[in-house]
Amino acid sequence: MYEPKPFAEERPEVILGLLRAAGYGHLVAAGGDGAPASTPLPFIVDDAVSVVRAHLARPNPVWRLAPAPALLIVPVTDAYVSPSWYPSKAEHERVVPTWNYEVVHVHGELRAHDDAGWVAAQVRELTDHNESPLPAPWSVDDPPDGFVDQMVRGIVGVELLVSRVIAKRKLSQNRDEPDRLGARDGLRSTGTARSSAIADAMD
């Protein structure tokens, strides 16, 4: 990923926060013929960002590529930035539109786990993570006996052993402060959740 220095994010705690805030990405793996294959998936990442765990439907062909080099692309937030929000526009008009965003690329080796115990543990971990903020969390123990075991037979676990992480936060850091604040306020004024999320990231 092209990563100009002003936009590079290297703080481990921020990168972990971005990955966990998103919790969803696009896994791209290299096939034996060199052709890439991709699939979207929710995931869990450990505190050290050394392992990413997920699962796929058994018919999904991506898990069968393992072991293979892979890339998990995690889009966090993004929104269009209008040049009309820059105070400098009134001075010289030499401004153009752009796009602000936060994204993390996680490189590593893809492994598959066609093992009911591993998959069941991953499903529980993923479910507990996503249910925990809810007022009445659902549990994998809630359905009748045997139901979750039956569902687990239809999925396969995947694990990305992380070798490199690249995080980029393009948040108008290359603009002067009035333009940066103008972009932030302009994004917030749209009233959309997408633009507001980027505006919050710029605070």
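**A short note on the pattern of salt bridges**
Item 1. Applying the stated criterion across every chain yields a total of 16 salt bridges.
Item 2. Between Glu93 and Lys89 there is a salt bridge, with the nearest N and O atoms lying 3.4 Å from each other.
Item 3. Among the salt bridges present, the one from Arg124 reaches Asp141, with a minimum N-O distance of 2.8 Å. In this pair, Arg124 is assigned in helix H3 (residues 116-131) and Asp141 in the loop between H3 and helix H4 (147-152), connecting sequence segments 17 residues apart.
Item 4. For Arg124, a relative accessible area of 33% corresponds to the partly exposed category.
Item 5. Residue Asp141 is classed as exposed on the basis of its relative accessible area of 53%.
Item 6. Linked through salt bridges whose partners overlap, the residues forming this network are Arg184, Asp185, Arg188, Asp200 and Asp203.

**Observations concerning the pairing of strand S7 (residues 98-113)**
Item 1. With 13 bridges joining them, strand S6 (residues 68-81) and S7 adopt antiparallel strand pairing. Paired with Ile73 across the strands is His105, a residue of S7.

**Some remarks on unusual backbone geometry**
Item 1. Geometrically, the link from Ala66 to Pro67 is a cis peptide bond, its omega value of -5 degrees lying close to zero.
Item 2. Here Pro67 shows up in the loop between strand S5 (51-57) and S6.
Item 3. For Ser172, which is not a glycine, the phi torsion comes out positive at approximately 65 degrees.
Item 4. Structurally, Ser172 is set in the loop between strand S8 (155-170) and helix H5 (177-189).

Reading the values: rules and limits
Residues numbered from 1 in each chain as written. Predicted model: local features only at pLDDT ≥ 70, side-chain atom pairs only at ≥ 80, totals over all residues. Heavy atoms only, no water. Salt bridge = Lys/Arg side-chain N within 4 Å of Asp/Glu carboxyl O. Helix = DSSP H or I, 4+ residues; strand = E, 2+ residues; numbered from the N terminus. Buried < 20%, exposed > 50% of the residue type's maximum accessible area, 1.4 Å probe, protein only. Pairing = 2+ DSSP bridges.

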